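Here's the letter readout for the chains.
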Amino acid sequence: MATVKLNNLRVLVTRPADRSAEFAAALTAAGAVPILQPLLNIAPLSLPEHEAAIKQSRSLLMNLDSYQSLIFISVNSVHHGLDQIEQYWPQWPMGIDVYAIGGATAAALAERDITVRHSAQTMNSESLLACSDLQDINRSKILIIRGVGGREFLATELRKRGAVVDYAECYQRCKPDIDSGQLQALLLQHKINMVALNSGETLSHFTELMGAAALPYPVLVPSSRVAGIAKAQGYQTVIQAENAATAASLAALKHYVQNNPSIHY
């Protein structure tokens, strides 16, 4: 697998602008041509739209020492969450176990001198839920740091185990300023023959912008859940990576190219 080159791939990379460099560099090193066009941007919460979320998060973070566990779901949750936590806690409160989803999230916490008790090996909630530390958690108070909205799966499963779970929502996901015609023109101009979509939300936005013209494009997705959504929407070729990390995404593309050496669009 390591010797497979991606020389025939022209990949639309749709990750947020500040999270695309590593994946783009890995694609280039493997022989592919990455074209960067974010279909999701990350931004701080704004008034008046997110006034309720801002007040709720402030209240929860000011009482951070009442929680036994803190879960960061992404690198974005680390950057935006810790910036807010440090406003109220210049010295980290004692006795809180910190968990991370994915190696990149754990690394971002380490860069801020936060010790991670457990990091999910893959970038999904299911992997973290398998952690032995999160099995016997009846009556434990857990705070999840995330953006506005998103999956409820992690909190739902933790609550089934008896935990009290709250959300501190510290950032928002925004659609970029690109319309349907501009995106279609970009795909044609760069002869894109693979679209990397690293979340269900990004997939939905791509489909929304492209309509039926999206469906013939092979799409790379980060999980079986997102793969199921893509197939249900009618995508003809869905390549499922183990997770959204660069290594897993690259491995899935190499496997696909190995079995489809003359890929074109």
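How each quantity is defined
Residues numbered from 1 in each chain as written. Predicted model: local features only at pLDDT ≥ 70, side-chain atom pairs only at ≥ 80, totals over all residues. Heavy atoms only, no water. Pairing = 2+ DSSP bridges. Helix = DSSP H or I, 4+ residues; strand = E, 2+ residues; numbered from the N terminus. Axes fitted to C-alpha atoms, helices over the stretch in contact; angles between N-to-C directions. Contact = heavy atoms within 4.5 Å. Right-handed = clockwise from strand over helix to strand, strands pointing away. Core = buried A, V, L, I, M, F, W, Y, C linked by side-chain atoms within 4.5 Å. Buried < 20%, exposed > 50% of the residue type's maximum accessible area, 1.4 Å probe, protein only. Arc of directions from axis to C-beta. Phe/Tyr/Trp six-rings, centres within 6.5 Å; stacked < 30°, edge-to-face > 60°. Lys NZ or Arg CZ within 6 Å of the ring centre and 35° of its normal. pLDDT = per-residue confidence, 0-100. Parallel < 35°, antiparallel > 145°, perpendicular 65-115°, else oblique. Left-handed = near helix turned anticlockwise from the far one by under 90°. Nonpolar A, V, L, I, M, F, W, Y, C, P; charged D, E, K, R; others polar.

(A) Region of the structure containing the sheet that holds strand β4 (residues 69-72). Pairing within the open sheet is parallel, and its 5 strands lie in the order β6-β5-β4-β7-β8. Since the sheet does not close on itself, it has two edges, and those belong to β6 (118-120) and β8 (164-169), each with one partner. Strand-to-strand twist in this sheet, taken as the mean axis angle between neighbours without regard to direction, amounts to 20°. Packing against the sheet, helix α4 (residues 103-111) makes contact with β4, β5 (97-101) and β6, and its axis sits at approximately 135° to β5.

(B) Seen up close, the pairing of β8. In the sheet, strand β7 (residues 141-146) pairs with β8 via 6 bridges, with the strands oriented parallel. The residue bridging Lys141 from the neighbouring strand is Val164, located in β8. At this point the chain moves from β7, through helix α6 (residues 153-160), to the parallel β8, and the crossover so formed is right-handed.

(C) Geometry of the nonpolar core. Residues Leu12, Leu183, Leu187, Val195, Phe206, Val219 and Tyr235 are the most contacted members of the largest nonpolar core, which totals 24 residues. Within the residue set of this core, elements represented by two or more residues are α7 (180-189), α8 (200-210), β11 (219-221) and α9 (224-233). Ignoring anything within four residues of it in the chain, the contact list for Phe206 reads Leu12, Leu39, Leu183, Leu187, Val195, Leu197, Ala214 and Tyr235. Residues Leu60, Val75, Val78 and Leu143 belong to the second largest nonpolar core, which totals 23 residues.

(D) Spotlight on α6. For α6, the complete set of buried residues consists of Leu154, Ala155, Glu157 and Leu158. Around the axis of α6, the buried residues are gathered within 165° of arc, so they sit on the same side. After α6 finishes, the residue Gly162 shows a positive phi value of roughly 100°.

(E) Spatial organisation of the packing of aromatic side chains. Under the criterion given, the structure shown has 0 aromatic pairs. Positioned over the ring face of Tyr67 is Lys141, at 4.6 Å from the centre of the ring. One Lys or Arg, Arg146, reaches over the ring of Tyr167 and ends 3.5 Å from the middle of that ring.

(F) Summary view of the confidence of the model for the chain. With 98% of its residues at a pLDDT of 70 or more, the chain has an overall mean of 92. When mean pLDDT is compared element by element in the chain, β11 scores highest at 98, while β6 scores lowest at 79.

(G) Inspection of the sheet that holds strand β10 (residues 194-196) at higher detail. Strand order across the open sheet formed by 5 strands is β2-β1-β10-β11-β12, with parallel pairing between neighbours. Since the sheet does not close on itself, it has two edges, and those belong to β2 (33-36) and β12 (238-240), each with one partner. Averaged over all neighbouring strand pairs, the angle between strand axes comes to 25°, with direction disregarded. Judged from the 3 bridges that link them, strand β1 (residues 10-13) and β10 form a sheet pairing that is parallel. When the sheet's bridge partners are listed, Val13 is paired in β10 with Ala196. Of the strands in this sheet, β11 and β12 touch α9, which is tilted by about 175° from β12.

(H) Structural view of the packing of helix α2 (residues 51-62) against helix α3 (residues 75-88). Closest axis-to-axis distance for the α2/α3 pair is 9 Å, and the angle between their directions is 60°. Judged by the angle between their axes, α2 and α3 are oblique. Crossing geometry of α2 relative to α3 is assigned as right-handed. Contact residues: α2 offers Ser57, Arg58, Leu61 and Met62, while α3 offers Gln84, Ile85 and Tyr88. Tallied by class, the residues present in the contact of α2 with α3 amount to 4 nonpolar, 2 polar and 1 charged.

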